[in-house]
Structures are given as structure tokens and as C-alpha cells.
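Here is how the chains run, residue by residue.
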Amino acid sequence: MYMDIHQLKRQGFKKTQIARKLGVSRTTVDDYLKRNPEEMAVWEAGTQTRSKKLDPYHNDILSWLKEHPDMSAAQVFDWLQEKHKYTGVAESTVRNYVKDLRQYYHLPKVLKVRQYEAIPDPPMGKQMQVDFGETRQQTMKGEEVKLYFISFVLSHSRYKVVMWLDRPFTTKDVLWTHEKAFEVLGGMPEEIVYDQDRLILVNENAGELIYTAAFQSYQEERGFNIYMCRGADPESKGRIENVVGFVKKSFAKHRIFDNIDKWNEACQAWIDRTGNGKVHNTTKKRPNAVFQIEKKHLRPIHKKSSIFHQDSSSITVMVRKDNTVPHKGNRYSVPIGTYKHGETNKVRISRIDDEMLRIINADGEVIAEHKIDHQKGQLIQDTSHRRDRTKGIDAYIQTVTAYFRDTAQATAYLQEIRSLYPRYTRDHLQVIADVVKKSEGKHLDQALDMCINEKLYAGHDFRDVWTYLHREYEKTKPTDTTEKESSSNVSRDYDQYQPTTRNVDEYIGILEGSVYP
């Protein structure tokens, strides 16, 4: 490094440029430039003889930093405690040691900074924030697995609870983890903050919230208030966002996965030791110490939720956007088109026996039957439920445009949708085709003109415009009663008029006495 710094200086680089190029601080560059080769040799020899507390772990720390260049000093400190049970130094000592290693071995750190908006702390027992996360981990066999976790944090004390699964969460899993979190906390807060997750929220429209049936039943039973964040608004739940990032970077990153039980045990030990045991950067207090006071302000829970005692032979679930329904950790298909945008999309699942289950829609119609798969994370799909892919997009567009008066204009409109949504073109065409079927040819061209003028290029936009036009037409269309009254009025107006009658002699005179043979 000494030779590189002097060489770059001779080439005309400034100190800041040298520091940036070599990945060291400007202070280091300035210090090295002030020393001549003899002074540098004496200093380097001194560093070789002076021992440090962390020298016995030099090779381990160096291997961690080389394998994971973005590793933080805080995580090195935590790994020393976990892997070597070493607690003989302060975290600042580890930070300085890691800094020296990075400079000496040219191991710059990759930094990723995310900003959050600061909001005042709510009172004790007032609020808890909840969010989900997922990571990809290496196994002991060198394979990669995807893990999922849910995290809870009390907004005042910053006390955290984290639980992991080796499969995607279901709504039942969410309710179960809530119960476990309340059990760990020894009570329940007044308000819980959520992100707009499909396991909790079905639809949100300008503040009108529709929850999944199971979650709404659970919330009504437990009685906590819900604060649902707007989409793409992480600042409104910055505390849990920080927890999710903390779990990913400080606990999960670079950790080898064995099995889910050991993983949860390791995470709990990490939470106790680091997540809740270390002084929080913002509050300057240990979360577990503040929690001892805050838990007295939580609402007590005296009995287990009744939702876990319901008959599993007949349950209500929500149809997902991919036209599947979740059951026992698997996904079962329903006919394409069962999912309707903006509707509740509820179906019932009942077991026929130990091997088969039946899916029934809101009208009581059986729409699917599947053999039960006893594994987890499987997609069980009936081939008859899959979308007909034999017809190409071009042919599909021609089929739809045939219903419009100006086929060239309709083709241009659908091609624009295709360019905007290349992966979902068929779905948008399906929505427009459904409108065409029920329109009976009415208002289609008017809806097309309005969409083009307003630059509304999407299947659901076309559907909404046509629905509006059809509704307005129905308001102004004369009813059958009005037509009948109008007809009867006309007939009554002519009742006062009687046809003129003539004497037969007048007709004989006109015909000049001629008669028919």
C-alpha cells in the first residue's frame, strides 16, 4: 500500500483520489505520504511485534471479511460471541480491529444505506408493528433454500419477536404466530400496524379495507385495533422495517441452514443476545430492560383463540390471484377466471374423505375436486383448470377486435396494451373479452373511443369505462311502463274522433250507376 500510494502521488493523483482508488481513508494516505521508506519499515516492524487481544482470532475474522466483504463489525462482534464464546473485548475494539484489517488487506466494505422518517414513540402498550421477510440461505450440502419469517416489535420498548418457516406463510400461520407472540409478550397491545399483505388484506380502495375472512374473525375476537399502511409507504412502519433488515443482515446473512428447528433456536438466542440485549441506537436503552416495564401495560389474554378449534372439515378461504386456494401448506387450483378483481373471492373447502377435498363457490357449486397431497409447498393443479394457451396472442387480438366497428383502431389499442404489459397481455385480453361477451355489442365502440382519448390502456380500465357507459344508459332508457302509458294516451286522443259515414246513393252516383258483374 505504501508503494502504491507514493506511485499514484507521483502520477499526479490528489490525496482524495488516491484514497478512493485504494479504498482507504484520506488520513491513511496523508500519514503514509509523510513517512520515508526507513520510517515505514520501522513502523511496520513495530506492528508485527505488538500484540492485540483479537490476534488469536485474526485468521477467522479475516476469512469472514474475505468471504463476505459487506460484513459489518457488529456482526463480527456477534459471531465472536456465538462461535468462540469470546466476550473479552468491547464492540468498539472489534470495530477498530476490523477497520485495520480492511485497510491492511485492501478489503473495502460495500455500504447500502436506506433512509426512514422519524416518528414519536407511542405510549407503552399502545402499538406493535408486524412485517414479513424472506431470505435465501446455503445449506450444509451447499444447496440453496428459501426461508420465510414474521417479525413483531413493540414500538415503545423495541422488544422483538421473530419466527421462521421453511415454506410460505398461510393466513393460519399468521394467526398462530400472533398467538405465540402474545404468549411471549405476556399480553396484547391496543393497536397493530400492518403492511398490505395478501394474507391479511384482500382489497384496499381509498381507505375501504376488506380483510381475509380468517383474519377478520381473529381480529374481532381479540379486539385489537388495526393500522393498515398505504402501499409503498415504509416510513409509516419504520421500526419494523429496521427489524426486518436487522434480522436479514445481522442474523441470517452468511449463516448456514441445517433445519428449521435449529434455525429458530439460533434466532431466539440471537434475539436475546443482540436484538433485545444490546443498547438500541435510538432509545439508548436495552429493549429487554424497557420491556419489563412495558409488559405491565399490555392487555392480558386469558384464553386461547377459538379460531384454532374450528372444524377443519369445512373452512372458508380466499381465491388467490393465480386462481389457487391454500390448504395445509399446499396450493390447489380452481378453474381459470374464478378469481375476480375487486370481489371477495371466497370459497369453501371441505374434505370428502382422508384422500380427497372439494372446493365449493359462494353459489354452492362444486368447482374443483383434488386428491390431498400430504407434503408441503406443493402445487396441485387440474389440467382442465389451466388457461388455454393453444391460441396465440395475435389470434386472440384478432378475435377480440372483430367485435368492434373500427377494427384497425381496436387493434392499435390492444397492441398498445400488449407493449405496456407483455407478460400479462392475455389477462388483459381476457378481461376485455369478458366485457364483449356480456355487452351484446352495446357501447363497445364508445368505450374504446373514451379509453383512447383518456389514454386508459388496460383491461380493467376498459371494463370500468364500459360499465360506466352501460349504467348511464340504463338510467336514461325508457321503461316498459312509460311506453305503455304513451301508447294508451295516443289511443285515447283518437277516441273522440268518429269516421264520416256516407249514404250508399252517393257512391252509386260516383260510379255512374255501374255495378260489378
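Residues numbered from 1 in each chain as written. Predicted model: local features only at pLDDT ≥ 70, side-chain atom pairs only at ≥ 80, totals over all residues. Heavy atoms only, no water.

K.L.:
A description of the overall build of the chain should follow, citing residues and the corresponding values.
P.N.:
Of regular secondary structure, the chain possesses 19 helices and 15 strands. Burial statistics for the chain: of 517 residues in total, 38% are counted as buried. Within the chain, contacts between residues separated by at least 24 positions form 60% of all contacts whose residues are at least 6 apart in sequence. With an accessible surface of roughly 31,400 Å², the chain has 49% of that area assigned to carbon and sulfur atoms. (Helix = DSSP H or I, 4+ residues; strand = E, 2+ residues; numbered from the N terminus. Buried < 20%, exposed > 50% of the residue type's maximum accessible area, 1.4 Å probe, protein only. Contact = heavy atoms within 4.5 Å. Areas by Shrake-Rupley, 256 points an atom, 1.4 Å probe, with all protein chains shown as cover.)

K.L.:
Could you give an account of helix α15 (residues 425-439), with specific residues and numbers?
P.N.:
An ideal rise of 1.5 Å per residue puts 21 Å on 15 residues; α15 measures up with 21 Å between its terminal C-alpha atoms. Listed in full, the buried residues belonging to α15 are T425, R426, H428, L429, I432, A433, V435, V436 and S439. Two residues or fewer past α15, E440 is found with a positive phi of approximately 55°. (Expected span 1.5 Å × (residues − 1).)

K.L.:
Please give an account of the pattern of salt bridges that cites residues and values.
P.N.:
A complete count under the given rule lists 24 salt bridges for this structure. The closest approach of N and O atoms between R331 and D322, which form a salt bridge, is 3.7 Å. Judged by its relative accessible area of 41%, D322 falls in the partly exposed class. Ionic contacts of the salt-bridge type, sharing partners, join the residues D78, E82, R255 and R273 into one network. (Salt bridge = Lys/Arg side-chain N within 4 Å of Asp/Glu carboxyl O.)

K.L.:
Go over helix α16 (residues 444-453), please, and point to the residues and values.
P.N.:
Listed as buried for α16 are L444, D445, A447, L448 and C451. Relative to the axis of α16, the buried residues are bounded by an arc of 160° and lie together on one face. Contacts from the buried residues of α16 go to α14 (407-420), α15 and α17 (459-476). Taken from the residues just after α16, K455 is the one with a positive phi, measuring 60°. (Arc of directions from axis to C-beta.)

K.L.:
Break down the packing of aromatic side chains for me, citing the residues and quoting the values.
P.N.:
Evaluated as defined, the whole model comprises 20 aromatic pairs. Each ring, one from F251 and one from W263, has its centre 5.2 Å from the other, and the planes form 70°; the classification is edge-to-face. Taken together, the residues F251 in helix α10 (residues 238-252) and W263 in helix α11 (residues 260-275) connect sequence positions twelve residues apart. Note on accessibility: F251 and W263 belong to one class, buried. In textbook terms, an aromatic cluster arises when at least three aromatic residues are bridged by ring pairs, as seen for F149, W164, F246, F251, F257, W263 and W270. (Phe/Tyr/Trp six-rings, centres within 6.5 Å; stacked < 30°, edge-to-face > 60°.)

K.L.:
Describe the side chain of Q81, with residues and values.
P.N.:
By the element assignment, Q81 lies in helix α6 (residues 73-84). In this view, Q81 contacts Y86, T87 and R273; residues no more than four positions away in its chain are not counted.

K.L.:
Go over the nonpolar core with me, naming the residues and quoting the values.
P.N.:
M128, F152, F169, L185 and Y194 are the most contacted members of the largest nonpolar core, which has 30 residues in total. Broken down by secondary-structure element, the contributors of at least two residues to this core are β1 (127-139), β2 (144-154), β3 (160-165), α8 (171-185), β4 (191-194) and α9 (213-222). Examining the composition of this core, we find that five residues originate from one element, α8, more than from any other. For M128, the residues in contact, after removing those within four places along its chain, are F152, V153, L154, S155, F182, L185, P189, E191, I192 and V193. Listed in part, the 22 residues of the second largest apolar core include I397, V400, L444 and A447. (Core = buried A, V, L, I, M, F, W, Y, C linked by side-chain atoms within 4.5 Å.)

K.L.:
Lay out unusual backbone geometry in plain terms, naming residues and giving numbers.
P.N.:
In most cases, non-glycine residues show a negative phi, while peptide bonds are predominantly trans. Even without being glycine, N323 reaches a positive phi, approximately 55°. Relative to the helices and strands, N323 is located in the loop between β9 (314-318) and β10 (324-327). Of the residues examined, N323 reaches a relative accessible area of 8% and is grouped as buried. A positive phi angle, near 60°, is found at K455, a position not held by glycine. Inspection of the secondary structure puts K455 in the loop between α16 and α17.

K.L.:
Now, about the pairing of strand β13 (residues 356-360): what can you tell me, with residues and values included?
P.N.:
Of the pairings in the sheet, the one linking strand β12 (residues 346-351) to β13 comprises four bridges and is antiparallel in character. Paired with R351 across the bridge in β13 is L357. (Pairing = 2+ DSSP bridges.)

K.L.:
Help me get a handle on the sheet that holds strand β15 (residues 379-380), residues and values and all.
P.N.:
Spatially, β10-β11-β15 is the arrangement adopted by the three strands of the open sheet, whose pairing is mixed. Edge positions in the sheet fall to β10 and β15, since each of these pairs with one other strand and no more. Relative to β15, strand β11 (residues 330-333) is paired through two bridges, and the arrangement is parallel. When the sheet's bridge partners are listed, Y332 is paired in β15 with I380.

K.L.:
Break down the pairing of β4 for me, citing the residues and quoting the values.
P.N.:
Going residue by residue along β4, you find E191 and V193 tucked away on one face and I192 and Y194 tucked away on the opposite face as well. Sheet topology note: the β1/β4 ladder contains three bridges and is parallel. Within the sheet, the bridge partner assigned to M128 lies in β4 and is I192. Two elements, β4 and strand β7 (residues 225-228), share four bridges in a ladder whose sense is parallel. Each bridged residue has a counterpart across the sheet, and for Y194 the counterpart in β7 is M228.

K.L.:
Now, about the packing of α10 against α11: what can you tell me, with residues and values included?
P.N.:
Packing of α10 against α11 brings their axes to within 11 Å, and their N-to-C directions diverge by 105°. As judged from the angle between their axes, α10 and α11 are roughly perpendicular. Each of F246, V247, S250, F251 and A252 in α10 lies in contact with α11, whose residues at this interface are W263, A266, C267, W270, T274 and G275. Grouping the constituent residues of the contact of α10 with α11 by class yields eight nonpolar, three polar and no charged. (Axes fitted to C-alpha atoms, helices over the stretch in contact; angles between N-to-C directions. Parallel < 35°, antiparallel > 145°, perpendicular 65-115°, else oblique. Nonpolar A, V, L, I, M, F, W, Y, C, P; charged D, E, K, R; others polar.)

K.L.:
Explain the packing of helix α5 (residues 58-67) against helix α7 (residues 91-104) residue by residue, including any values.
P.N.:
Put simply, α5 and α7 touch, their axes get as near as 11 Å, and they point 65° apart. On the basis of their axis angle, the class for α5 and α7 is roughly perpendicular. Crossing geometry of α5 relative to α7 is assigned as right-handed. The segment α5 lies against α7, with H58, I61, L62 and L65 engaging Y97, V98, L101 and R102. (Left-handed = near helix turned anticlockwise from the far one by under 90°.)

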